[in-house]
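# Observations on the three-dimensional arrangement
So you can see what is in the structure, the chains are spelled out below.
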Amino acid sequence: MNLRRAIFPGSFDPLTNGHLDIIKRSLPLFDEIIIAVLNNPEKNPMFTVEERCRMIGEILPEIKNSKCELTVDSFSGLTADFAKRKNAAAIVRGIRAVSDYEYELRMALMNRRLEPEIETVFLMAAEEYSYVSSNLMKQVFTLGGRVEGLVPALVEARMREKLK
Ligand code: PNS
């Protein structure tokens, strides 16, 4: 039997409840989902790739179900190459608003050109997270604003540690 494996790539600096919402929505669609954390040294991230992977690994059991295996991995280079290496059938991406669409469409078409066999699957984020992005969360938190309910409690705690 073919395993329906997908990757969910992103920077996840940090993981938000919007990301978790997309992962939850993907669970019934695939047998296995790899949360693929991009190792992008140029970006000056708040969390190292190792910290991000560890955090995600600690949070995933909260949303896990018995039918879909959830793992976390990091990668460098092209998403399409990583997906191919992992034998994934699909690349999952979340769309929050129409403004995401153009960028996501360009990426999906480029990834299809690179790996025609791998489909990008877009899932619509819940409305309550439609404005939530990692960058906005970092900015608001760093300036003393509340992000409760928009990122997992563990992420909020780790962000607080970073600011000490
Ligand atoms: O959710 P993000 O942080 O916007 O994720 C962007 C990501 C990681 C999916 C995108 O930047 C990416 O795929 N980077 C890897 C390099 C690559 O494959 N670039 C070409 C995409 S068509």
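Residues numbered from 1 in each chain as written. Predicted model: local features only at pLDDT ≥ 70, side-chain atom pairs only at ≥ 80, totals over all residues. Heavy atoms only, no water.

## Comments concerning the pairing of strand S4 (residues 90–95)
Burial analysis of S4 places six of its six residues in the buried class, the great majority of the element. Alternating residues of S4 divide into Ala90, Val92 and Gly94 and Ile91, Arg93 and Ile95, and every residue in both groups is buried. Pairing between strand S1 (residues 5–10) and S4: two bridges, direction parallel. Its bridge partner lying in S4, Ala6 is registered against Ala90. Where S4 and strand S5 (residues 119–124) come together, six bridges link them in parallel fashion. When the sheet's bridge partners are listed, Ile91 is paired in S5 with Thr120. Tracing the backbone out of S4, into helix H4 (residues 98–114) and back to the parallel element S5 gives a crossover that is right-handed. (Buried < 20%, exposed > 50% of the residue type's maximum accessible area, 1.4 Å probe, protein only. Helix = DSSP H or I, 4+ residues; strand = E, 2+ residues; numbered from the N terminus. Pairing = 2+ DSSP bridges. Right-handed = clockwise from strand over helix to strand, strands pointing away.)

## Thoughts on unusual backbone geometry
Looking along the chain, the bond that leaves Asp13 and enters Pro14 is cis, with omega of 5°. Among the secondary structure elements, Pro14 is positioned in the loop between S1 and helix H1 (17–26). Of note, the phi angle at Phe12 is positive, near 50°, even though the residue is not glycine. You can see Phe12 is positioned in the loop between S1 and H1. Of note in the backbone geometry, Asn87 takes a positive phi value of approximately 60° without being a glycine. With respect to the helices and strands, Asn87 occurs in the loop between helix H3 (79–85) and S4. With relative accessibility at 62%, the residue Asn87 sits in the exposed group.

## A closer look at the site of the ligand
For the ligand, the full set of nearby residues is Gly10, Ser11, Leu38, Gly77, Leu78, Thr79, Arg93, Tyr103, Met107, Met110 and Asn111. Note that an oxygen atom of the ligand is positioned 2.7 Å from one of the side-chain N or O atoms of Ser11. In the environment of the ligand, an oxygen atom lies 2.5 Å from a nitrogen or oxygen atom belonging to the side chain of Thr79. When the ligand is considered free in solution it has 540 Å² of accessible area, and contact with the protein chains removes 74% of it. In terms of residues, the shell around the ligand owes the most to one element, H4, which gives four residues. (Near = heavy atom within 4 Å. Polar contact = N/O pair within 3.5 Å; in protein donor to acceptor, adjacent residues only side chain to side chain. Areas by Shrake-Rupley, 256 points an atom, 1.4 Å probe, with all protein chains shown as cover.)

## What to know about the nonpolar core
Counting residues in hydrophobic clusters, the biggest one holds 37 residues, and the most contacted among them are Phe8, Ile23, Ile33, Ile35 and Leu70. Mapped by element, the contributors of at least two residues to this core are S1, H1, strand S2 (32–38), helix H2 (49–59), S4, helix H5 (134–142) and helix H6 (153–163). Ranked by residue count, the leading element in this core is H2, at five residues. Look past the residues within four positions of Ile33 in its chain and what remains in contact with it is Ala6, Phe8, Ile23, Ser26, Leu27, Cys68, Glu69, Leu70 and Thr71. Formed by nine residues, the second largest nonpolar core is a distinct cluster that contains Ile34, Ala36, Phe75 and Ile91. (Core = buried A, V, L, I, M, F, W, Y, C linked by side-chain atoms within 4.5 Å. Contact = heavy atoms within 4.5 Å.)

## Here's the deal with H4
With 17 residues, H4 should reach 24 Å at 1.5 Å per residue; the first-to-last C-alpha distance of 25 Å fits that figure. The largest bend along H4 measures about 25° and falls at Glu104. Of the positions making up H4, those classed as buried are Asp100, Glu104, Ala108 and Asn111. The inward-facing, buried residues of H4 contact H3, S4 and S5. (Expected span 1.5 Å × (residues − 1). Bend = angle between axes of the 7 residues up to and from the residue.)

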